[in-house]
Amino acid sequence: MRQALVAGNWKMNGSLENNEALLKGLLEQLDDVTAKVAVCPSFVYLSQARDLLAGSQVGFGGQDLSTEASGAFTGEISAEMLNDFGCEYVIVGHSERRDNHGETNELVAQKTQVALNAGLTPLFCVGEHLEDRESEQTEAVIAAQLDAAIETCGIDAFENIVIAYEPVWAIGTGKTATSEQAQEVHAFIRNRLAGHDQNVAKQTTILYGGSVKAANAEELFSMPDVDGGLVGGASLDAAEFAAICKAAK
Ligand code: 13P
């Protein structure tokens, strides 16, 4: 179901001490937030997040998952393990997984399906590199990423998938896409879904990610096809992240 959502991707950051201060600080500042809020800590801190967030309005999730259910897969984490810790979400296909771990469109599509099978909401990331944008390949890249998931999961699944558009050139660079650039790609994504099913397209939540901060969140989130954000660096600061959450309606 389409909803305003702000999710923090903590990436490989955090410590028991810092996480506690961050989550306690965040919970104190969410009073007038109407959007759904979630955080995705490193796997090893999921039980800490579960305990600190119990009974609160903040959901949580993993940053990746295996396509396998169990067995001899050293270092991997299964969907059921994420469920075991009460995760609601899991990020799939982040560009840092695609680029640093060779995750293909097909693998990301499979991970999305495995997450759905387990009842997790995938935060399914798509996005182009700078050279794609400069060579006018943005739409072709996004289409290929999206089509692989549509083919594997089926269009109806997108009512339960959250898409995150994260232009790779805007991640961690301080170089945010303009609200017009974001809207253009978000509309492209929604139209592509609508080509399969218009109702599903209207119901799909599409987040923007890439250098979202308190200072630019309101403008980005005011665009008609931008339903919220997937936030990296700024999600590590309670006041900054809370301000971003307030900007999503
Ligand atoms: P930054 O907000 O640090 O640019 O990271 C965005 C991101 O990759 C979220 O998944």
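Residues numbered from 1 in each chain as written. Predicted model: local features only at pLDDT ≥ 70, side-chain atom pairs only at ≥ 80, totals over all residues. Heavy atoms only, no water.

(A) Layout of the overall build of the protein chain. Within the protein chain, the secondary structure is distributed over 11 helices and 8 strands. Scaling as 2.2 N^0.38, a compact globule of 249 residues should have a C-alpha radius of gyration of about 18 Å, and the protein chain matches this with 17 Å. Seen along its three principal axes, the alpha-carbon backbone of the protein chain occupies a region of about 45 × 45 × 35 Å. Burial status across the protein chain gives 53% buried among its 249 residues. Put simply, of all contacts in the protein chain between residues at least 6 apart along the chain, 73% involve residues at least 24 apart. Counting every atom, the protein chain has about 10800 Å² of accessible surface; 47% of that belongs to carbon and sulfur. (Helix = DSSP H or I, 4+ residues; strand = E, 2+ residues; numbered from the N terminus. Rg over C-alpha atoms; globule rule 2.2 N^0.38 Å. Buried < 20%, exposed > 50% of the residue type's maximum accessible area, 1.4 Å probe, protein only. Contact = heavy atoms within 4.5 Å. Areas by Shrake-Rupley, 256 points an atom, 1.4 Å probe, with all protein chains shown as cover.)

(B) The arrangement of the packing of helix 10 (residues 214-221) against helix 11 (residues 238-247) in detail. Relative orientation of the contacting elements helix 10 and helix 11 amounts to 15 degrees, with a least axis distance of 8 Å. Here helix 10 lies roughly parallel to helix 11, going by the angle between them. By crossing handedness, the relation of helix 10 to helix 11 is classed as right-handed. Residue-level inspection shows Ala214, Ala217, Glu218 and Phe221 of helix 10 in contact with helix 11, the latter providing Glu240, Ala243, Ile244 and Ala247. (Axes fitted to C-alpha atoms, helices over the stretch in contact; angles between N-to-C directions. Parallel < 35°, antiparallel > 145°, perpendicular 65-115°, else oblique. Left-handed = near helix turned anticlockwise from the far one by under 90°.)

(C) Seen up close, the side chain of Ser235. If you trace the backbone, Ser235 turns up in the loop between strand 8 (228-231) and helix 11. At 2.7 Å, the side chain of Ser235 and the backbone oxygen of Gly232 are in polar contact. The contacts of Ser235, once residues within four sequence positions are left out, are Gly8, Asn9, Trp10, Leu22 and Phe241. (Polar contact = N/O pair within 3.5 Å; in protein donor to acceptor, adjacent residues only side chain to side chain.)

(D) Inspection of the state of the cysteines at higher detail. Within this structure, the stated rule accounts for 0 disulfides. Counting only cysteine sulfurs, Cys125 is the nearest neighbor of Cys153, a cysteine outside any disulfide, at a range of 14 Å. Here Cys245 stays free of any disulfide, with the sulfur of Cys40 as its closest cysteine sulfur at 12 Å. Classification of Cys245 by relative accessible area gives buried; the value is 0%. (Disulfide = S-S within 2.5 Å.)

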